[in-house]
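# Coordinate analysis (summary)
Letter by letter, the chains look like this.
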Amino acid sequence: MSAPASESRLGRLVAGARAELTVRTAIDLGAVAALLAVGIIGWGPTFDGAGYLLAGFGAVLVGSAIAWGGAWQRWGILPVAGLTVGAYFLFGGALALPHTTLLGVIPTLETWRQLAVGSVTSFKTLLTTVPPVAASDGHLVVPFLLILVGAVIAGSLALRVRPAAWALVPTLAVTALEILLGAAEPAAPIVQGIVFAAIAIVWLALRQSWDADSAAQRVDNPAATPSRPLRARRLIAGGAVLAVAAGAGVATVALADTPTQRYVLRDFVVPPFDIHEYPSPLQAWRGIIRDDADSTLFTVTGLPDEARVRLATMDAYNGVVYNVSNEGAGSSSAFRPVRSNMSPGAQGEPVEVRVDIGELDGVWLPDVGAVREITFDGDRAAELRRTAHYNDATGTGVVTAGLAEGDAYTMSAVVAEPPSDAQLADAPFAPVKMPKQAGVPDSLSKIAAEELGEAETPIQRVRALQDWLHNDGYFSHGLADDPYSPSGHGSARISMMFAGEQMIGDDEQYAVAMALMARQLGIPARVVMGWYPGEDEEKSTAGAFTATGDNLHAWVEVAFEGFGWVPFDPTPDEDNEPNDQNTQPHANPKPQVLQPPPPAQEPADLPPTIADERDQKDDEDAGFDWIGPLLMYGGIGLGVVAVLMAPFIVLGFIKGARRARRRSAPRTADRISGGWDELVDNALDLRTPVTAGATRAESAAVVGSTFEEPRVEPLARRADADVYGPGEPTAEDVEAFWREVDAIVGGMKQRTPWWRRLTARLSVRSLRWRRPS
């Protein structure tokens, strides 16, 4: 054969080998991207909209490109980490925070600020926000950052490290973090698990076949082509095994008892805001009526007809006060930071309502309907936005910074029209678990049962209670010129209301009385405090409603299946006042009725007041308020340290396992060979230009001249003699050889600057595949 023909064939072989390597690189990166895609799909229930797909798959593309570039240029971990940080800030705006960029792509200073802060705080914010969360609130930083880092690490391991199974570790970690940080309702756990297992098995089978083919070519014939039928049989056998395993897994899941709940981190994260730190607004009812009757508490612009302004929703009674609770499906104390996609399941008419605060103070935030988004205005807008919380289940909001005159905000809300009795004719009560009541007067259940009469359907039962209180009761605020009506809604006050010949009270007593009687009959009911225009009250020409103490109201809401919470007004008309002879409390009550104690006194066996409970809790917790912040910041600090130390730990573990495997090889000759490989690998990590596939003598010449170490070349000749010579070296020979290796490596590191020793610990050069030159 002529020389030109031989050279032409060699050129084709080299070109084919390069093409094969390019295909393998593409397959490796594609497999990593597919494994990460399983975790990306799992974010579905956590986010509102499809923005998480752009952030996730964009991070996969960017991370894969960084991994490929680092492997191609043979960069160490520090350059790759620096490039990853740069890509995070360069592409994070377009993929995770597009609302902060110019034209949706160009990052701004606000983009970089949110990316820098979000790398630390976004995880906590996501866990303390009720899913599905809005992408516009900055929560996409979490999946973008996790998947970007996961793609870089997994892609680098897939391209540089053997065995390839190491690349499964970061992809599994990304999926595990998605489960822990996501919603309790998984997207498709069975499908995700099967797809992940299928991709991993097929990819690892391909990698194993490549390794076997490469080994066979090196030993037998470098120009040999792998057997296509053999490779096809391997793939068919692997596919069959995979299909059997998937079928068995699905059958097992179908026959097994599925857990009723998946526990995630948000189930164990206590929100930073506790509504029980503040008293029930219903306690201040009489004070608002008396002191703010003519005061402009706030004005509402854009209030729809027949809509109500809600201040607070209460569902728990302890004999002293109606308040929010931690029990029941209503979750009346489960407040979360405001976001842009609140009340996701609300249906009704979309409205835009503006509220301008006047003399109203406190933490409770007036709102209308089911709020979707709140935008604050004014000088305190940033502070109010930062401290605002909302409860989707009860439709109430709070700002821990407190309201002040001049505050303003605009709400995007959904207002549903209350259903008619005809619509509720066949509707049962909703299966809502309500908190237990305590301190309820014993007579209420009997009175409620008697007043139901012949009512049968749920709506008839509720209307019977409402109509009886509304028609047979009398109205009085108990102020200076009003008929006698004590304030409060404790057990003694509610008992007094039914003890005389006439029921006397205002919204506070009637709403509480109806809710308590409904609860005694098993009806899901709660008390709401707020405002709504009266029949004779007209809005101004600008369409604004002015809330004052005079038009403050309280009503009852009852849950009907398919309709949600429906309002009922049991309070009598204000012009329905009692007769003069019955305006004073009875001096001689009927013998069969127990006269309650004076309103100023409380029964000895009633629960303590909220103030007493709070004072007692403060006394018990005194001196320990610093524990929570200390644990939180300590945990953040440990997390940062763990992230910084993770590369050292992971690479140290991998290299340590490699060393242990070499020292414990079955044949003593292999232990000698492994000792030499350990020396060369350390030299590679210290940036020594050792050529892959070089002989021991050639490598020894490079290492010895680089570190001025004369002991390397004799050690190489000794290794060749022990490995290729007659007989097997003894265990003593192996130990002596390894001691010499450790001594030489220690001398090499002593002659190396400290910063290069640090980068050597993070280097993956010695973990790359070694192919013959």
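Everything here concerns the structure above.
Keep in mind it's a predicted model, so treat the numbers as computed, not measured.

Turning our attention to the overall build of the chain. Broken down by element type, the chain carries 21 helices and 20 strands. Relative to its full complement of 773 residues, the chain shows a buried share of 43%. Counting only contacts in the chain whose residues sit at least 6 apart along the sequence, the fraction spanning at least 24 positions is 77%. Summed over all atoms, the accessible surface of the chain reaches about 38,700 Å², with 59% contributed by carbon and sulfur.

Attention shifts here to the nonpolar core. Core analysis: the biggest nonpolar cluster contains 85 residues, and Phe 298, Phe 498 and Phe 560 have the highest contact counts within it. Top contributing element to this core by residue count: helix H14 (residues 507-520), with nine residues. Setting aside anything within four residues of it in sequence, one finds Phe 298 in contact with Val 309, Val 355, Asp 356, Ile 357, Gly 358, Leu 360, Pro 366, Trp 531, Phe 545, Thr 546 and Ala 547. Counting residues in hydrophobic clusters, the runner-up holds 52 residues, among them Val 32, Ala 87, Leu 97 and Leu 145.

Our next topic: the packing of helix H2 (residues 51-73) against helix H3 (residues 77-96). Contact pair H2 / H3: the axes reach a minimum separation of 10 Å and the direction vectors enclose 155°. One finds that H2 runs roughly antiparallel with respect to H3. With respect to the hand of their crossing, H2 and H3 are arranged in right-handed fashion. Judged by residue contacts, Leu 54, Ala 55, Gly 58, Ala 59, Val 62, Ile 66 and Gly 70 of H2 engage Val 80, Leu 83, Thr 84, Ala 87, Phe 91, Ala 94 and Leu 95 from H3.

Read across the sheet, five strands follow the order E10-E4-E17-E19-E20 without closing on themselves; strand pairing throughout is antiparallel. Lying at the two open borders of the sheet, with one neighbouring strand each, are strand E10 (367-368) and strand E20 (564-568). Two strands pair when backbone bridges link them, and strand E17 (residues 525-531) and strand E19 (residues 552-560) are joined in this way by seven bridges, in the antiparallel orientation. Residue Gly 530 lies in a different strand from E19, and its bridge partner there is His 553.

Quick look at the environment of Thr 759 now. Inspection of the secondary structure assignment puts Thr 759 in helix H21 (residues 754-762). Along the chain, Thr 759 and Leu 78 lie 681 residues apart, while their C-alpha atoms are 7.4 Å from each other.

What counts, and at which threshold
- Residues numbered from 1 in each chain as written.
- Predicted model: local features only at pLDDT ≥ 70, side-chain atom pairs only at ≥ 80, totals over all residues.
- Heavy atoms only, no water.
- Helix = DSSP H or I, 4+ residues; strand = E, 2+ residues; numbered from the N terminus.
- Buried < 20%, exposed > 50% of the residue type's maximum accessible area, 1.4 Å probe, protein only.
- Contact = heavy atoms within 4.5 Å.
- Areas by Shrake-Rupley, 256 points an atom, 1.4 Å probe, with all protein chains shown as cover.
- Core = buried A, V, L, I, M, F, W, Y, C linked by side-chain atoms within 4.5 Å.
- Axes fitted to C-alpha atoms, helices over the stretch in contact; angles between N-to-C directions.
- Parallel < 35°, antiparallel > 145°, perpendicular 65-115°, else oblique.
- Left-handed = near helix turned anticlockwise from the far one by under 90°.
- Pairing = 2+ DSSP bridges.

By themselves these figures say nothing about function.
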